Amino acid sequence: MAKKKSASNKKNASKVDWKKVAHLMLTSRAMDEKEENELVPNKEVLYQFSARGHELGQILLGSLLTHQHDSASAYYRSRPLLLTLGLSEEDAMAAPMGKSGGYSDGRDIGVVCNKPDADGPKVLPMAGDVGSQYTPAIGWAQGIEYRKNVLNEKEYDKAISVILGGDGSVATNGFWSALTIATTQNLPVLFYIEDNGYGISVTSEYQTPGGKITNNLQSFSNLKIFDGDGTEPEEAASLLEDSVNYVRERKGPAMIRLTVPRLNGHSYQDNQAYKDEELLKKEQEKDPLEKLKAFMVPDQVTEKTWKNWEKKAKETIEEAAEAALNRPDPDSAQTEKYAFAEEGETQMIGGLAVEGHEFPAASEEPHPEKQRINIVEAIRRTLKYELETNPKVMVFGEDVGLKGGVHAATMDLQSQFGEDRVFDTSLSEEGIIGRAVGLAYQGLMPVAEIQFRKYADPATEQLNNCGTIRWRTANRFAAPIVVRMPGGFAKCGDPWHSMSNEVFFTHAIGWQVAMPSNAEDAVGLLRSAMRSNNPTVFFEHRNLLDAKYARKPYPGDEFIVPFGKAKKLKEGSELTIVTWGAMCERSEEAVETLGVSADILDLRTLMPWDKEAVLDSIRRTNRCIIVHEDNRTAGFGAEIAAVLVREAFQYLDAPVERITMPDIPVPYNVGLMESVLPTTKKIVDTIEETLKF
Ligand SMILES: Cc1ncc(C[n+]2csc(CCOP(=O)(O)OP(=O)(O)O)c2C)c(N)n1
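Figured I'd write up the structure that's included with this text.

Counting its secondary structure elements, the chain contains 23 helices and 22 strands. Here the chain has a C-alpha radius of gyration of 28 Å; the compact-globule value for 693 residues is 26 Å, and the two agree. Seen through its C-alpha atoms, the chain measures out along the principal axes to roughly 95 × 55 × 45 Å. Across the 693 residues that make up the chain, the buried fraction comes to 62%. Across the chain, contacts joining residues at least 24 apart in sequence account for 79% of those joining residues at least 6 apart. Counting every atom, the chain has about 26,800 Å² of accessible surface; 49% of that belongs to carbon and sulfur. With 80 positive and 103 negative side-chain charges, the chain shows a spacing of 3 Å between the two charge centroids.

Right under this line is the structure:
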């Protein structure tokens, strides 16, 4: 069974601290066994994902992540790597029990870890979605190069970003998106594929033709391939050393695939009925712990010493389990904390706040210039000023560079600030948002453009995960990013370019949502977003980009609009119209047409939204109409109406009306489009009915 030992395998293997590797392997194994034999059957641990069979490669890899700015983006089977990087046994065991403290304070499923050490390699927050670990790691890699080359922080030299994934993960969008970005941008990324032949019960042949991803990627440009057996100590050590060095020495991105047996079901609940006896036996014969023992005993240590280590590891785990079990449950009074940044509690990793970034002065008082500008110009000037005054700002997306964006909002920014700071991306929205998350982890301020609202769909997983990072990690990590997104109807509609669906982001956890109706607010809200410690969706309404209604004088480089503050467009006493975005103009027109006395509130941000301003107004006018372009059912108007029914019931003299799009996409034909959009006429009619009621 013993493999032939090549000279280079031997050379690299001699550098390894095998005693340390053995200790970590025995510890990880004892931990899995304790969970499988006792803690899961006793229901102390509810979900368990064993790493048995995967340990050796992960421990060897972890031992090579020695640079302070290295990162690993890993997944639920990566606990041996975390132990190697210094996760305490007690934290490792307390998390699956859902106990307090540790890397998520009982919030995230046990093995979904993170590690925010300021002075050592980081483990980026893991996620449950297979494949979602890839693109944030690409952002980390680009952040290494940005810090080194643009911010001149030489200590980032030779840092690398490593991504761990199973053979199933190579079929995901995230994998391909990350591979494309790493290889086209020549980023310091190592893809580490642990091939156990299965994604739960599905074999690798379903994930890549022939079942071996490295065979298929042999001809992929700018990708060095390493491939071997992850259970053979010398071979695995040698391949890992070579692949890590390859990336560290900036020879290019690389992929290493190591075969490993999965010695358990996918999770504790999986009985592996889909594997026959012979296969199970073969897998057992490949147990890397047995191979490590055969490699070390008796050449390096005696059988007795090994037995001693085994005993010690078991004792350590008994003690850690006992201590973990004795930890209190997390405090339920704190459960809602950290959906957003808490005043005075900065996260450990991610965003400008960590390094105490100081911004230039800001003021809520506009200092208008003489000339009016449109929203496109308002956005461009705000981006320009923030790029000028904050070297950590980066602006990117499809066509954002040389072309200046399909809506021209980034025109000339690349020529002024260079390709490192303003750049085009590959056509992968998952890549754009995942990369932004990784750049934010690096303490930068990424401003990503999604070309049209509908095209954020492929990035949904990254957007959702971005919003929950702070909560999942109990404020250890956060990724404050800005996502600019044009949408809504324009000269005509259509299902792809005209979608608004802003309510989606108000429902997604952890996101601020801004929706300016004019150039002045666009400046102030975008500035707020780019200085915020929370992620923001910044919605740019297509019909307003160059609309006369939206043109306002540039309010100055200091102008800022705080989130959650509605603007009163008109003041009156007979009814209140609550609206935002392109519906502001139509609401104003309707009120002017009828000559009624109405409050018109432009919410400007939907998350947070200015509940108090709306309630104050309704308490005076006693009537409310909500106007929005988004579809009706469960649109944001439904949320406002529900709040009014609960908190202003006694003040209402008429039913709360909603004027919205019906539950269909926006049609292309202009006549069809106007027949379903909230029009001035519809608003006029509804005002009359409401006043008559
Ligand atoms: C996006 C997504 N789809 C499906 C799942 C359910 N699921 C969890 S693990 C898994 C298999 C992953 O296999 P692989 O990447 O090979 O890793 P392994 O578990 O074998 O180490 C699946 C389908 C998931 N977590 N995420």
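Time to look at helix H3 (residues 55-64). Residue pairs three or four apart in sequence face the same way in an α-helix, which turns once every 3.6 residues. With respect to burial, H3 is a largely interior element, 9 of its 10 residues being buried. Burial in H3 covers these residues: Glu-55, Leu-56, Gly-57, Gln-58, Ile-59, Leu-60, Leu-61, Gly-62 and Leu-64.

Examined against the element boundaries, Ser-363 turns out to sit in the loop between helix H12 (303-325) and strand E9 (372-373). A relative accessible area of 18% places Ser-363 in the buried class. Once the C-alpha coordinates of Ser-363 and Pro-562 are considered, the two residues, 199 residues apart in sequence, prove to be 9.8 Å apart. Dropping the residues within four chain positions of it, Ser-363 is found in contact with Glu-558, Phe-559 and Ile-560.

Attention now moves to the sheet that holds strand E3 (residues 161-166). A sheet is described by the order of its strands in space; here 6 strands give the open sequence E2-E1-E3-E4-E8-E7, paired in parallel fashion. Taken across any chain shown, the strands that pair with only one partner, and hence form the sheet edges, are strand E2 (122-123) and strand E7 (224-229). Here E3 runs beside strand E4 (residues 189-195); their pairing, made up of 6 bridges, is parallel. For Gly-166, the partnering residue across the bridge sits in E4 and is Glu-194. Contacts from helix H7 (residues 173-185) reach E4 and strand E8 (254-259) within the one sheet, and its direction differs from that of E4 by about 145 degrees.

Right, let's get into the sheet that holds strand E18 (residues 575-579). A sheet is described by the order of its strands in space; here 5 strands give the open sequence E17-E19-E18-E21-E22, paired in mixed fashion. Both outer strands of the open sheet, strand E17 (567-570) and strand E22 (657-661), are each paired with one neighbouring strand and no more. Neighbour-to-neighbour, the strand axes of the sheet open up by a mean angle of 25 degrees, direction not taken into account. Sheet topology places E18 next to strand E19 (residues 598-602); 5 bridges connect them, and they run parallel.

Here the focus is the pattern of salt bridges. Any two side chains of opposite charge can pair, on the condition that their charged atoms come close. Under the counting rule described, the total for this entry stands at 55 salt bridges. The salt bridge involving Arg-29 is made with Asp-287; its shortest N-O contact spans 2.8 Å. In this pair, Arg-29 is assigned in helix H2 (residues 18-39) and Asp-287 in the loop between helix H10 (277-285) and helix H11 (288-296), connecting sequence segments 258 residues apart. Residue Arg-29 is classed as buried on the basis of its relative accessible area of 4%. Of the residues examined, Asp-287 reaches a relative accessible area of 6% and is grouped as buried. With a closest N to O distance of 2.9 Å, Asp-227 and Arg-257 form a salt bridge. Of this pair, Asp-227 sits in strand E7 while Arg-257 sits in strand E8, and the two are 30 residues apart along the sequence. Given the relative accessible area of 27%, Asp-227 is considered partly exposed.

Criteria and thresholds
- Residues numbered from 1 in each chain as written.
- Predicted model: local features only at pLDDT ≥ 70, side-chain atom pairs only at ≥ 80, totals over all residues.
- Heavy atoms only, no water.
- Helix = DSSP H or I, 4+ residues; strand = E, 2+ residues; numbered from the N terminus.
- Rg over C-alpha atoms; globule rule 2.2 N^0.38 Å.
- Buried < 20%, exposed > 50% of the residue type's maximum accessible area, 1.4 Å probe, protein only.
- Contact = heavy atoms within 4.5 Å.
- Areas by Shrake-Rupley, 256 points an atom, 1.4 Å probe, with all protein chains shown as cover.
- Lys, Arg positive; Asp, Glu negative; His and termini not counted.
- Charge placed at Lys NZ, Arg CZ, Asp CG, Glu CD.
- Pairing = 2+ DSSP bridges.
- Axes fitted to C-alpha atoms, helices over the stretch in contact; angles between N-to-C directions.
- Salt bridge = Lys/Arg side-chain N within 4 Å of Asp/Glu carboxyl O.

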